[in-house]
Structure formats: structure tokens, C-alpha cells
Amino acid sequence: MREAVTLSDVAREAGVSPSTVSRVINGTARVKPGKREAVLRAIERLHYHPNILAKGLAQGRSLTIGVVTQEISSPYYGEMLKGVEQALEKTPYHPIFASGHWRADQEEAALKVLVGRQVDALVVMDGSVPGELLLELVKTMPVVVVGRNIPGLPCLGIDNVQGALEGTRHLIELGHRRIAHIAGPQSHPDAIERLQGYREALQQGGIAFDPALVVEGDYLEPSGLMAVESLLARGALFTAIFAANDQMAYGANVALYRRGIRVPQDVSLVGFDDLPSSSYFTPPLTTVRQPGLEMGWEAARLVLALLEGRSYTPRNLSTRLVVRESTALLRSPGVRVPHAVP
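The text that follows walks through the structure, step by step, so that each part is easy to find. Because the structure is predicted, anything quoted here is derived from the model rather than measured.

1. Some thoughts on the side chain of Thr287
And step 1. Mapped onto the secondary structure, Thr287 falls in strand 10 (residues 286–289).
And step 2. Polar side-chain contacts of Thr287 include one of 2.6 Å to the side chain of Asp246.
And step 3. Excluding its chain neighbours within four sequence positions, the residues that come into contact with Thr287 are Asp246, Val270, Gly271, Phe272, Asp273, Asp274, Arg320, Leu321, Val322 and Arg324.

Structural data, given as C-alpha cells:
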């Protein structure tokens, strides 16, 4: 096996001292143009790659950033993680990802593992781990929180209430008054806020809130399917559905399809997230877009600024209603299908 090229090898090849090579690589001091060119040519000829990890450890850093997400396999969190990766691409830092699986105990365990790996900073995406724990961690390293508002910590997020209000209002403007809501888990702030936005839209539209039209899911597709099955089994009358995320909207669509209920001819459907696959949904899904990729990017840039001791003001991130073919003007008084179509 070929031995790794060292800084001393580069120095011998370039005919300069190791300290000169170090100054060229780190940019810590000016080097005469001739010597600088000689070092760069030697680096290229020898295919030298600086040992970033050793450099970081020598400076008391691991050059890693821990990222706790709720579910690495989630399409939504996948977009945020991609944003983190993109923002760190041309920096010496690398992300280490861990999942909390929507459970506070697993989030806490993931945080402990990352801290044990001596990450230089943390990005925590959503979740329900106690804020007190994060406030303790911020005493030892930079911590950025995405999707939650914890006083005393730098936080990024979107207005879930406004986004849900816009999605529900769109259905009201199409003439719908019996609007079901597939809510997210009510142990999480974003799900609570989206239910609040749904209720506020109904109130503004002069529509009484009917708790029988609200079914709680868990943000995954099967829960959207089961929510619609539950509504239909109870004989609930509705002409539209606002789902708290796109994945539950996908599941809802399958349940409607199996009952022979057409979208949007019989029931209009709105999601929340605007996942990349939603524009290729059948029919393409009307949804509230939240900028997952941008949120990941901004979280990484903010944590880098904290590590470097400089100020950084993240871009304003807001939701936007994206209207596609899964919603239409109300044509029928409602759907009540208590039994599955054979």
C-alpha cells in the first residue's frame, strides 16, 4: 500500500521549509509568489491531501457538526439535510446525522451520542426533547434549533399557523364548508400550530369548528389512509381535506381511491410541505410549500457563523400556497361512503 504523502514530503519536493508549506495551505501569512507556486505544484504532483481531522484536533476541534433530525428517511427532512450538506460543502466541517424518531427519549440519546463524539456544534430539527436540555448544551457549544421556538436559543422556522390558514382558506374560497383535517401528532408544536391555522381559517370563513372532522395522524402515509378510513367509517360528511403534511395527504388519496372517491371531482385535497414528489402526484397535489432545503442551508450557515464568532442574519423563510390539480370548485354536497367499494 502506498504511504500517505506528508507535509514534509511536499516541502522537500518544493525545496522549501515545512512551515512555508503550512502557511501556503492555511493562508496564515504571506508567502513569496515563487515559493507559493512551487508549493502548489508540489501538492499537485504528489496528490497531497491535508489531514483535516488532525488539523482540527490540534486546534481543539473535531470539525464535525451534529444534526438531530426526526427521521432521516423522511422526504421532508431529507430536503433539510440536503440543505445542511450543501452549505457545508466548501467548509472544513462535515455533518453527522442522527434520528430521534419523533420520541423525546431517542432524541436525547442521539444528542448524547453526538456530544460524546465531540461535535463542535449541534443543529436540532423539530422534536420534543426538553428545551432545558438544549439550554444546558448551548453552554458548551453552539446550538441551532429548527422548527421550534426556545427562548435563549437561535431558532429558525416558518409560520405554521399562517401556512395552514392559507391552505384551508383556499378550500373555503372554492366553496367548501365541510373540510376535514388530518392533524399531525399533537405532542409537537408544528402540528398544534397547523391545527390552529385550520381553526382560524374556519372562524374567518364563518364556519363552525366540528371536532368530528379532525383525525390525528403521525405524519406518515399510513396514518393519512387510516384517518380517511376512520372518517368514512363514522359516516362523516366532507367535501375537502386539509392534511398537516404531504405524506398524510398521499395516504388519504389512496383511501379515497379505494372507495371510488375521486380527487378533486368528489373531494378536494390539500397538503403541507410541497415535497418534490407532490408535483408528480396523481393528481398533482395542491400544498403549502415550506422551504425545507433553504431551512437546512440557513441552519448550517448560522451555526458556522456562531462557530466563527461572527454575526449572521438568516433569510426570511415563509410558506407559500402552491395550487395544483388536487383541488377544485365544490360540485357536490359532500361524501359519505361508510363501506369500502368491493
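2. Comments concerning the sheet that holds strand 7 (residues 214–216)
And step 1. An order of 7-6-8-9-10-11 is seen for the six strands of this open sheet, with the pairing classed as mixed. Looking at strand neighbours, the two that pair on one side only are strand 7 and strand 11 (320–322), the edges of this open sheet. In this sheet, adjacent strand axes meet at a mean angle of 20° when their direction is disregarded.
And step 2. Where strand 10 meets strand 11, three bridges bridge the pair, whose relative direction is antiparallel.

3. Topic: the packing of aromatic side chains
And step 1. Applying the stated criterion across every chain, the model contains three aromatic pairs.
And step 2. Seen from their ring centres, Tyr76 and Tyr77 are 5.2 Å apart, and the 65° between their planes marks the pair as edge-to-face. For the pair shown, Tyr76 and Tyr77 are each scored as buried.
And step 3. Between Tyr250 and Phe281, the aromatic rings sit 5.0 Å apart at their centres with planes inclined by 25°, giving stacked as the arrangement. With Tyr250 in helix 11 (residues 246–258) and Phe281 in the loop between strand 9 (268–273) and strand 10, this residue pair connects regions lying 31 residues apart in the sequence. Each member of the pair, Tyr250 as well as Phe281, carries the same accessibility label: buried.
And step 4. The ring of Phe272 carries Arg194 above its face, with NZ or CZ at 3.9 Å from the centroid.

4. Points about helix 6 (residues 104–116)
And step 1. Under the 1.5 Å per step criterion, the end-to-end length of helix 6 is 18 Å for 13 residues, consistent within 8% with the ideal 18 Å.
And step 2. Glu107, Ala110, Leu111 and Leu114 are the residues of helix 6 that are buried. Looking down the long axis of helix 6, one finds its buried residues gathered within 100° of arc, a one-sided arrangement. Away from its buried face by more than 90 degrees, helix 6 exposes Lys112 and Gly116.
And step 3. Where helix 6 is buried, its residues meet strand 1 (64–69), strand 2 (94–99), strand 3 (121–125) and helix 7 (131–137).
And step 4. Of the residues flanking the end of helix 6, it is Gln118, one or two places downstream, whose phi is positive at about 60°.

5. Brief notes about the sheet that holds strand 5 (residues 155–156)
And step 1. Read across the open sheet, the five strands follow the order 2-1-3-4-5; overall the sheet is parallel. Edge positions in the sheet fall to strand 2 and strand 5, since each has one partner strand and no second.
And step 2. In this structure, strand 3 lies alongside strand 4 (residues 143–146), joined through four bridges in parallel fashion. The residue bridging Met125 from the neighbouring strand is Val146, located in strand 4.

6. Thoughts on the environment of Met80
And step 1. Its location among the elements puts Met80 in helix 5 (residues 75–88).
And step 2. Its relative accessible area of 0% is what places Met80 among the buried residues.
And step 3. The sequence separation of Met80 and Ala299 amounts to 219 residues, and the corresponding C-alpha distance is 9.1 Å.

About the cut-offs
- Residues numbered from 1 in each chain as written.
- Predicted model: local features only at pLDDT ≥ 70, side-chain atom pairs only at ≥ 80, totals over all residues.
- Heavy atoms only, no water.
- Helix = DSSP H or I, 4+ residues; strand = E, 2+ residues; numbered from the N terminus.
- Polar contact = N/O pair within 3.5 Å; in protein donor to acceptor, adjacent residues only side chain to side chain.
- Contact = heavy atoms within 4.5 Å.
- Pairing = 2+ DSSP bridges.
- Axes fitted to C-alpha atoms, helices over the stretch in contact; angles between N-to-C directions.
- Phe/Tyr/Trp six-rings, centres within 6.5 Å; stacked < 30°, edge-to-face > 60°.
- Buried < 20%, exposed > 50% of the residue type's maximum accessible area, 1.4 Å probe, protein only.
- Lys NZ or Arg CZ within 6 Å of the ring centre and 35° of its normal.
- Expected span 1.5 Å × (residues − 1).
- Arc of directions from axis to C-beta.

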